[in-house]
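Take a look at the letters that make up each chain.
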Amino acid sequence: MNPLAPAHIQNRNHFYSTPADFYDGKSAETRNLKPGEVSTGTTIMAIPFANGVVLGADSRVSTGTYVANRVSDKVAQLHDHIWCCRSGSAADTQALTDYVRHYLSQLAVETGRVPTVKSAAHLMRRLCYENKDNLMAGVIVGGWDPVEKGSVYNIPLGGTCIKMPFAIGGSGSTYIYGLVDAEFRDGMGEEEALTLVKKAISHAMARDGSSGGIIRTVVVKESGNEREYIPGNALPYGP
């Protein structure tokens, strides 16, 4: 047993000479996955504008260094005008979105009103926080409702819920904080927000090995939802 290795590594049945051997090239996002579990790797992003929200994500799902799915859909619909972007464990986030979709449909029937984005975000937050020891899920919830119009809520790994002027997440987000900080401004229009989402995600995909494939976007407005995808050979990567 290596006395220099962290305690959680020393207690394993196998001997690892260094912590690096144990992690074996795994990122901070993938090293806590259960055996056989796949990670959405991921770059996800959302920007609200005056009358709605733009959400976007890459499409790569990986298990270690193997790409399990190159055209996954990480942008999931929770209600008519409420969507979320998923990062972390693919299984965990799919289960969470299924639960929240079910609860929101029940809420709409019982109250006779359209659920708000805030309600959806806090439902997601409660599920993430109360099960945080068993889940690995980072989620961005965004959409349109009659109360706040376009709004975005970020729910990172611990289960915190924060309303944001914009949100980015996943392993690829660390590469684009500077880009997004430089180019984002309050009061962006729909086209400006959509252009920035596409540009930022394509830059993250170029740098992050766990992000890739195509870009999927959705523009959520009162009038409806407009989905789009950008193929891998047409990414707006550049200055």
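Further up the page is the structure itself.
As a starting point, this report considers the structure included with it. The model shown is predicted, which means the values in this text are computed figures rather than measured ones. (Residues numbered from 1 in each chain as written. Predicted model: local features only at pLDDT ≥ 70, side-chain atom pairs only at ≥ 80, totals over all residues. Heavy atoms only, no water.)

**Structural notes on the overall build of the chain**
- If you tally the helices and strands in the chain, you get 6 helices and 12 strands.
- By the burial criterion, 48% of the 239 residues in the chain qualify as buried.
- Once local pairs closer than 6 in sequence are excluded, the contacts in the chain between residues at least 24 apart make up 60%.
- Carbon together with sulfur atoms contributes 51% to the accessible area of the chain, which is approximately 11900 Å² in total. (Helix = DSSP H or I, 4+ residues; strand = E, 2+ residues; numbered from the N terminus. Buried < 20%, exposed > 50% of the residue type's maximum accessible area, 1.4 Å probe, protein only. Contact = heavy atoms within 4.5 Å. Areas by Shrake-Rupley, 256 points an atom, 1.4 Å probe, with all protein chains shown as cover.)

**Some points on the sheet that holds strand β9 (residues 162–164)**
- Pairing within the open sheet is antiparallel, and its 5 strands lie in the order β5-β6-β7-β8-β9. Edge positions in the open sheet fall to β5 (75–79) and β9, since each of these has one partner strand only. Looking at each pair of strands side by side, their axes are set apart by 30 degrees on average, direction ignored.
- Here strand β8 (residues 149–155) runs beside β9; their pairing, made up of 3 bridges, is antiparallel. Considered in β9, the bridge of N154 is made with I162.
- Across the sheet, helix α3 (residues 90–111) is in contact with β5, β6 (82–88) and β7 (137–145); its angle to β5 comes to roughly 20 degrees. (Pairing = 2+ DSSP bridges. Axes fitted to C-alpha atoms, helices over the stretch in contact; angles between N-to-C directions.)

**What to know about the sheet that holds strand β12 (residues 224–230)**
- Sheet architecture is open: 5 strands sit in the order β10-β1-β2-β11-β12, paired in antiparallel fashion. What marks the edges here is a single partner per strand, and that holds for β10 (167–169) and β12. Within the sheet, the average angular offset between the axes of one strand and its neighbour, ignoring direction, is 10 degrees.

**What about the pattern of salt bridges?**
- In the structure shown here, the tally under the stated rule is 10 salt bridges.
- The shortest N-O distance in the salt bridge between E226 and K221 comes to 3.4 Å.
- A relative accessible area of 16% places K221 in the buried class.
- Several salt bridges share partner residues, and in doing so they unite E190, K221 and E226 into one network. (Salt bridge = Lys/Arg side-chain N within 4 Å of Asp/Glu carboxyl O.)

**Remarks on the packing of aromatic side chains**
- Enumeration over the complete set of coordinates arrives at 2 aromatic pairs.
- Between the aromatic rings of Y99 and Y103, the centroid separation amounts to 6.2 Å while the plane-to-plane angle is 25 degrees, which identifies the pairing as stacked. One end of the pair is Y99 and the other is Y103, both in helix α3 and 4 residues apart, which spans about a single turn.
- Classification of Y103 by relative accessible area gives partly exposed; the value is 32%. (Phe/Tyr/Trp six-rings, centres within 6.5 Å; stacked < 30°, edge-to-face > 60°.)

**As for the environment of G187**
- As for its position among the elements, G187 is in the loop between α5 (177–183) and α6 (190–207).
- For G187, a relative accessible area of 70% corresponds to the exposed category.
- C-alpha of G187 to C-alpha of F49: the two residues are 138 residues apart in sequence and 6.4 Å apart in space.

**Quick notes on the pairing of β5**
- The buried fraction of β5 amounts to 4 of the 5 residues, a majority that puts the element mostly inside the structure.
- Examined bridge by bridge, β5 and β6 share 4 bridges and lie antiparallel to one another. Its bridge partner lying in β6, V75 is registered against C85.
- If you look at the hairpin formed by β5 and β6, you'll find 2 residues sitting between the two strands.

**Notes on the nonpolar core**
- In this structure, M45, I47, V54, V180 and F184 are the most contacted members of the largest nonpolar core, which totals 21 residues.
- The set of elements that each furnish at least two residues to this core consists of β1 (44–49), α6 and β11 (215–221).
- The greatest single-element share of this core, amounting to 8 residues, is contributed by α6.
- Ignoring anything within four residues of it in the chain, the contact list for M45 reads V54, L55, G56, C85, I140, A167, I168, V180, L196, V197, A200 and I201. (Core = buried A, V, L, I, M, F, W, Y, C linked by side-chain atoms within 4.5 Å.)

**Observations concerning helix α4 (residues 117–130)**
- Here α4 contains 14 residues, and its C-alpha end-to-end distance of 20 Å stays within 8% of the 20 Å for a straight helix at 1.5 Å per residue.
- Among all positions of α4, only V117, A120, A121, M124, L127 and C128 are buried. Each buried residue of α4 sits inside an arc of 130 degrees when the element is viewed along its axis, so together they form one side.
- In this structure, the buried side of α4 is in contact with β5, β6, α3, β7 and β8. (Expected span 1.5 Å × (residues − 1). Arc of directions from axis to C-beta.)

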